[in-house]
Amino acid sequence: MTRAFSKSPPAPDPTLLAKRDEWVRRVGLLVEQIRQWSTEAGWQVEIGSETIDEHRLGQYEAPAARVSLPKGDLPERAVFVVPIAMRIGGGADGRVDLEGYPTLSRVKLLGEPGDGWTIMTDSNVPLRQPWTAETFRQLAQDLAA
Amino acid sequence: MRGIMTRQQEAHQRLRRIRDEFDASHYALRRAEARWDTEWDATTIEYRKKVTLGQIRRAFDNLDRTFILRLFAEFEGILLAYWQDALGRQTSPKIFVLINRIGDSCPIPVSSAQRDATHEIRRYRNSLVHVPAEAVEPFTFGVCLSRLGKYVSYLPQDW
């Protein structure tokens, strides 16, 4: 007979949990910003959440969104705002993806110190555009084009 | 956010997974190349008995093509499943036929522009596995993903 013993994971470090809460708050601000910019453009937004499971942080929920864009010649076009992780290394403060539908094209938003975001392409080349309403709207349309 | 997936969302998820594996392979190969001269742990030494730096570079150079083949195979699987499950057909036609016939049967028929764009990817994929009779325009993995994703968006949400 074999018997499996599984160790329960160690309780998350309170300092890390506080950082995680701060990260979730920050993603919430981003989602709210995108909702506002999208609404101003006349795009419909659906707010939801994404379940994230991170090493040493456990499982938690973070805000997410789906922005419906003008359909053009396709049955549907949209952009998903998907929080990926807080701990991504390289000095960045978390990652949120913007993914076009149905193209599945994607850019990554990497958190900067403070409340800023760096836009990174899939080839890991930074776009070097400021994170503004205009940049977001252009990106959203390009990602789903 | 995506909740319980519709069949169409599942189909997109299949394509998305290939994209994510492409990214993971890109990362692993770049890292292996960059650390070739500095990494000497036991696992690395074990791998170096069978993998050379030249092989790593070749795998990296061919990464787009390798993953385009996988992506297209997944796309073909999605269309064949739709053909048999949604349209109730017992046959397994060639992908050329599937693209056209399914395109006609969708609730909003696939536009001729999107259909042509999909056939361009099909021709490029064919050129990777057979010697092409004529020159074929090459595409990056990202362009292939985008065009196949667009075609799949014409399928109904559920079937």
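All values reported here derive from a predicted model rather than from experimental measurement.

About the cut-offs
- Residues numbered from 1 in each chain as written.
- Chains lettered and ligands numbered in written order.
- Predicted model: local features only at pLDDT ≥ 70, side-chain atom pairs only at ≥ 80, totals over all residues.
- Helix = DSSP H or I, 4+ residues; strand = E, 2+ residues; numbered from the N terminus.
- Buried ≥ 20, exposed ≤ 12 C-beta atoms within 10 Å, placed from the backbone.
- Contact = placed C-beta atoms within 7 Å.
- Nonpolar A, V, L, I, M, F, W, Y, C, P; charged D, E, K, R; others polar.
- Axes fitted to C-alpha atoms, helices over the stretch in contact; angles between N-to-C directions.
- Parallel < 35°, antiparallel > 145°, perpendicular 65-115°, else oblique.
- Left-handed = near helix turned anticlockwise from the far one by under 90°.

Draft legend 1. Here's a closer look at the overall build of chain A. Summing up its helical and strand segments, chain A has 2 helices and 6 strands in all. Secondary structure of chain A in N-to-C order comes out as α-β-β-β-β-β-β-α. Along the longest, intermediate and shortest principal axes, the C-alpha atoms of chain A span 60 × 40 × 30 Å. Among the 145 residues that make up chain A, the fraction classed as buried is 33%. Considering only intrachain contacts with a sequence separation of at least 6, the fraction spanning at least 24 residues in chain A is 43%.

Draft legend 2. Spatial organisation of the interface of chain B and chain A. Of the residues lining the interface, 17 residues belong to chain B; the matching set on chain A comes to 16 residues. For the side of chain B that touches chain A, the elements supplying multiple residues, two or more each, are helix H1 (7-34) and helix H7 (141-152) of chain B. Sort the elements by how many residues they give to the side of chain B that touches chain A and H7 of chain B lands first, with 6 residues. For the side of chain B that touches chain A, the residue count by class is 7 nonpolar, 6 polar and 4 charged.

Draft legend 3. Spatial organisation of unusual backbone geometry. Residues and elements named next belong to chain A. Here the amide bond leading from Tyr101 into Pro102 is cis, since omega sits at 10°, within 30 degrees of zero. Within the element layout of this structure, Pro102 appears in the loop between strand E4 (95-101) and strand E5 (106-111). Its identity as a non-glycine residue notwithstanding, Arg128 has a phi of 55°, on the positive side. Mapped onto the secondary structure, Arg128 falls in the loop between strand E6 (117-121) and helix H2 (133-143). Overall, the presence of 7 C-beta atoms within 10 Å leaves Arg128 in the exposed class.

Draft legend 4. Spotlight on the packing of helix H5 (residues 95-105) of chain B against helix H6 (residues 112-129) of chain B. Residue and element names in this part refer to chain B. In the contact formed by H5 and H6, the axes pass within 11 Å of each other and the chain directions differ by 165°. Between H5 and H6, the interaxial angle falls into the category roughly antiparallel. Between H5 and H6 lies a crossing whose hand is right-handed. Only Arg115, Thr118, His119 and Arg122 of H6 make contact with H5, whose side of the interface consists of Ile95, Phe96, Ile99, Asn100 and Gly103.

Draft legend 5. Layout of the environment of Gly100 of chain A. Considering the arrangement of structural elements, one finds Gly100 of chain A in strand E4. Taking the C-alpha atoms as reference points, Gly100 of chain A and Trp37 of chain A, separated by 63 residues in sequence, lie 17 Å from one another.

That's the geometry; what it means functionally is another story.
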